[in-house]
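# Notes for the structure review
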Amino acid sequence: MASSSGNDDDLTIPRAAINKMIKETLPNVRVANDARELVVNCCTEFIHLISSEANEICNKSEKKTISPEHVINALESLGFASYITEVKDVLQECKTVALKRRKASSRLENLGIPEEELLRQQQELFAKARQQQAELAQQEWLQMQQAAQQAQLAAASVSAGQQAGSSQDEDDEDDM
């Protein structure tokens, strides 16, 4: 699919991926660089052909997203029905791998600790947090009580001091 448009170069399969597939498929065969380039272009053209046909099928069924069924129908309508069994097998394998990934990405699964044990640990942490909160509240209450007592004592000593000062003023006046 040699085209003068620069955008077509952006829409090719990475050469490294194709080289890896060729090496895995034909480990003891040397493949010339132009043959590799031809395989890349054929793969790209095949993908464009299938995706265009799948898009048309999708549009005819008034859907906005191409589904695997659209791709399978595209293969059949383009004369590639012999690939459908293998495509369905690969689709099932992809679904299985995706499901395993979703399960593996779950934090609970990665911990390897049963859910019941995690729940027990969580309850213990909540109980400790409640205990700490109660202790803090108790300390704050005691501090408030002490501050109130000190304020009462200070007020009493100021009052006593004022009374003592006023009675001494009276004594001073009597001396005159």
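Residues numbered from 1 in each chain as written. Predicted model: local features only at pLDDT ≥ 70, side-chain atom pairs only at ≥ 80, totals over all residues. Heavy atoms only, no water.

The chain carries the name Protein Dr1 in an unreviewed UniProt entry, which gives Coregonus suidteri as its organism. Heading Subcellular location (unreviewed entry) of the UniProt record for the chain holds this comment: "Nucleus". (UniProt positions renumbered as here; feature names shortened; annotations may be inferred.)

## Remarks on unusual backbone geometry
You will see that Glu62, though not glycine, has its phi angle at about 55°, which is positive. Structurally, Glu62 is set in the loop between α3 (33-60) and α4 (68-77). Classification of Glu62 by relative accessible area gives exposed; the value is 73%. (Helix = DSSP H or I, 4+ residues; strand = E, 2+ residues; numbered from the N terminus. Buried < 20%, exposed > 50% of the residue type's maximum accessible area, 1.4 Å probe, protein only.)

## Quick word on the confidence of the model for the chain
Of all residues in the chain, 83% have pLDDT values of 70 or greater, and the mean over the chain is 86. Element-level pLDDT for the chain is lowest in helix α1 (residues 7-10), with a mean of 54, against a maximum mean of 96 in α4. Here residues 1-6 scores under 50 on pLDDT; set against residues more than four positions off or in separate chains, the count is five contacts. (pLDDT = per-residue confidence, 0-100. Contact = heavy atoms within 4.5 Å.)

## A look at the pattern of salt bridges
Under the defined criterion, the tally for this structure stands at three salt bridges. A salt bridge links Glu37 to Arg15; its shortest N-O distance comes to 2.6 Å. Here the residue Glu37 occupies a position in helix α3, and Arg15 occupies one in helix α2 (residues 15-25), the gap between them amounting to 22 residues. Judged by its relative accessible area of 29%, Glu37 is partly exposed. Among the salt bridges present, the one from Glu117 reaches Arg120, with a minimum N-O distance of 2.5 Å. On the criterion of helical spacing, the pair formed by Glu117 and Arg120 is a turn pair, its members being three residues apart in helix α7 (residues 115-175). With a relative accessible area of 26%, Glu117 lands in the partly exposed category. On the accessibility criterion, Arg120 (40% relative accessible area) is partly exposed. Three or more residues are tied together by salt bridges with common partners; here these are Glu117, Arg120 and Glu124. (Salt bridge = Lys/Arg side-chain N within 4 Å of Asp/Glu carboxyl O.)

## Side note on the environment of Asn19
With respect to the element layout, Asn19 can be found in helix α2. On the accessibility criterion, Asn19 (30% relative accessible area) is partly exposed. Taking the C-alpha atoms as reference, Asn19 lies 9.8 Å from Asn33; in sequence the two are 14 residues apart. Side chain to side chain, Asn19 and Arg36 meet in a polar contact 3.0 Å long. (Polar contact = N/O pair within 3.5 Å; in protein donor to acceptor, adjacent residues only side chain to side chain.)

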